[in-house]
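The residues making up each chain are set out below.
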Amino acid sequence: MVYTLKWGIVATGWISSKFVGDLMLEAAARGVTDVRHKVVAISSSSSVERCKAFIDEICGGDPSITAYNDFGALMSDPEVDVVYIGAPNQTHYPLALQALHSGKHVLCEKPAALNAAQLRHVVELAARKQRFFMEGQWIRFFPLFAQLQKDVHEHKVIGRLERIYADLSINFPFDAKHRLFDPLQGGGAMLDLGLYPWIYIQKLCAEHPDNHGALPRVVTSMQKTKETGVDRHTAFVSQWDALGVEAVATCSLSLDSAPDSAVRIQGTEGEILIAAPCFRPTEYTIARSGEPPRVVTGELAGHGLYYEADAVARAIRDGRLVEDVCPPDESLLLLGYMDRARAEGGLAYPAELEALIAE
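Computed from a predicted model, the values in this text were never measured in an experiment. In this convention, every chain numbers its residues from 1, walking through the sequence in written order. Given that the model is predicted, a residue must reach a pLDDT of at least 70 before its local features are reported, and side-chain atom pairs must reach 80 or more before they are shown or counted; all residues, however, enter totals for whole chains, interfaces and linings. Side-chain measures were taken over the full set of non-hydrogen atoms in the model, leaving aside hydrogen atoms and water.

Caption draft 1: Broad picture of the pairing of strand 12 (residues 270-274). Across the five residues that make up strand 12, a large majority, five, are buried. Exposed residues in this analysis have more than 50% of their type's maximum accessible area, buried residues have under 20%, and partly exposed residues fall in between, with area computed by a 1.4 Å probe over protein chains only. Numbering goes from the N terminus for both helices and strands, where a helix is a DSSP run of H or I of at least four residues and a strand is a run of E of at least two. Of the two faces of strand 12, the one carrying G270, I272 and I274 and the one carrying E271 and L273 are both buried. With five bridges joining them, strand 11 (residues 263-267) and strand 12 adopt antiparallel strand pairing. Considered in strand 12, the bridge of V263 is made with I274. Following DSSP output, two strands are said to pair if at least two bridges run between them. Hairpin geometry of strand 11 and strand 12 is characterised by an intervening segment of two residues between the two adjacent antiparallel strands.

Structure follows, in structure tokens:
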């Protein structure tokens, strides 16, 4: 029997449009026969009219979808199994708490909170409420990403792993009111872009069979905008002593990533290159010493967000509260590194945004 997961969508911005667009793809048409997705409700903080326009544009005008202009009303809707949070960064933490208190499972866009203490609060509440919670680190679920891990860890196509450089940089025109540059909206390069380079390092180093769960030594560096004080460049250098590997993760709002080598994975017998942007890889190139380059490709219909949606559906169907490909413990670990970078770089958001919410 095919399991149908019923979604409530919080916010109607760009990322929600991509996520819902992928949910609307027929699962069987992409070879998935055990789960399917149904959007039953969408909410916008601006107006019901905005929701209806979203339903018309993204969902083909589906009359079965309920439009709300109140997030709480959506979370109280008994038809909703799981809430997808695609709202601005600074709202993720309170909205996740609200959804869990309403008895809903939650998939929350990254960053799932502004700091690790907030995220820990969400994770603990999800456990108490016996509800599924996951941060939307969607590229972890790409089949191409699993193949990359296998090529590095098992097939050792570049020999012994030595060094990784992973970058996500996008040159955005400065606008003090834009969410990327506004501290009141949790702005900055790191929280918006910095997770993606870290995912490559986490999957290739932390999950390396020879690492045995060891944590790295991490050094951070940050440059901030003079106008608003959020980070425009941030870098992490991590030393994985059990592997003898150095891994560098960088992000920027002032530059673009190198087009052909946003990610460079180097070993004793060659390297793997991944083109920009690294947040949606469709192929990688294996360049072994003395051999012609070989390209490994992956297929993507839509935007590719359905892979994580399928994983969420299977977890909820099976009664699992954690998805092992993207467990909350790893989200907490990476957000902890970001907390350290902000502390060392002198970047603090307004106290009311960083505070814990009393239950």
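The rest of the description comes next.
Caption draft 2: Spotlight on the side chain of K104. Tracing the backbone shows K104 in the loop between helix 4 (92-101) and strand 5 (105-108). Charged residues are defined narrowly, with Lys and Arg counted positive, Asp and Glu counted negative, and His plus the chain ends left uncounted. In the sections that follow, a salt bridge refers to a side-chain nitrogen of Lys or Arg positioned within 4 Å of a carboxyl oxygen of Asp or Glu. Although K104 lies buried, it forms no salt bridge, and the closest oppositely charged side chain, D77, sits 6.2 Å away as judged by the N-O distance. Looking at K104, its side chain comes within polar contact range of the main-chain oxygen of D77, at 2.8 Å. Think of a polar contact as two N or O atoms within 3.5 Å of one another; within protein, one of them needs to be a possible hydrogen donor and the other a possible acceptor, and neighboring residues in sequence only count if both atoms come from side chains. A polar contact of 2.8 Å, which involves the side chain of K104, links it to the backbone oxygen of V80.

Caption draft 3: Region of interest: helix 4. Taken across its 10 residues, helix 4 has seven buried, putting it largely inside the fold. Along helix 4, the residues that are buried comprise H92, Y93, L95, A96, L97, A99 and L100. Of the surrounding elements, those touching the buried residues of helix 4 are strand 1 (3-10), helix 3 (71-76), strand 4 (82-85), strand 5, helix 5 (116-129) and strand 6 (133-135). Remark: G103 follows helix 4 within two positions and exhibits a positive phi of approximately 85°. Working rule for contacts: check all heavy atoms of both residues, and any pair within 4.5 Å makes them a contact.

Caption draft 4: Spatial organisation of the pattern of salt bridges. Scanning the entire structure with this criterion turns up 18 salt bridges. Here R264 ties to E271 by a salt bridge, and the two come within 2.9 Å at their closest N and O atoms. Residue R264 is classed as partly exposed on the basis of its relative accessible area, which comes to 27%. With a shortest N-O distance of 2.6 Å, R342 and E354 are connected by a salt bridge. Highlighted residues: R342 in helix 9 (residues 328-345) and E354 in helix 10 (residues 351-354), separated in sequence by 12 residues. The pair R342 / E354 is uniform in exposure class, with both members buried.

Caption draft 5: Here's a closer look at the packing of helix 6 (residues 143-153) against helix 7 (residues 189-206). The N-to-C vectors of helix 6 and helix 7 enclose an angle of 45°; their axes lie 10 Å apart at closest approach. Considered as vectors, helix 6 and helix 7 are oriented oblique to each other. Between helix 6 and helix 7 the crossing geometry is right-handed. Along its contact with helix 6, which presents F145, L148, Q149, V152 and H153, the element helix 7 presents I199, Y200, K203 and L204. A class-by-class count of the residues in the contact of helix 6 with helix 7 yields six nonpolar, two polar and one charged. With axes taken as lines fitted to C-alpha atoms, and helix axes fitted only over the stretch in contact, angles between N-to-C directions fall between 0 and 180 degrees. With respect to orientation, any angle under 35 degrees is reported as roughly parallel, any angle over 145 as roughly antiparallel, any angle of 65 to 115 as roughly perpendicular, and every other angle as oblique. Helix crossings get a hand from a simple test, with the near helix turned counterclockwise from the far one by less than a right angle marking a left-handed crossing and a clockwise turn marking a right-handed one. Gly falls in the polar group here, along with every residue not listed as nonpolar (Ala, Val, Leu, Ile, Met, Phe, Trp, Tyr, Cys, Pro) or charged (Asp, Glu, Lys, Arg).

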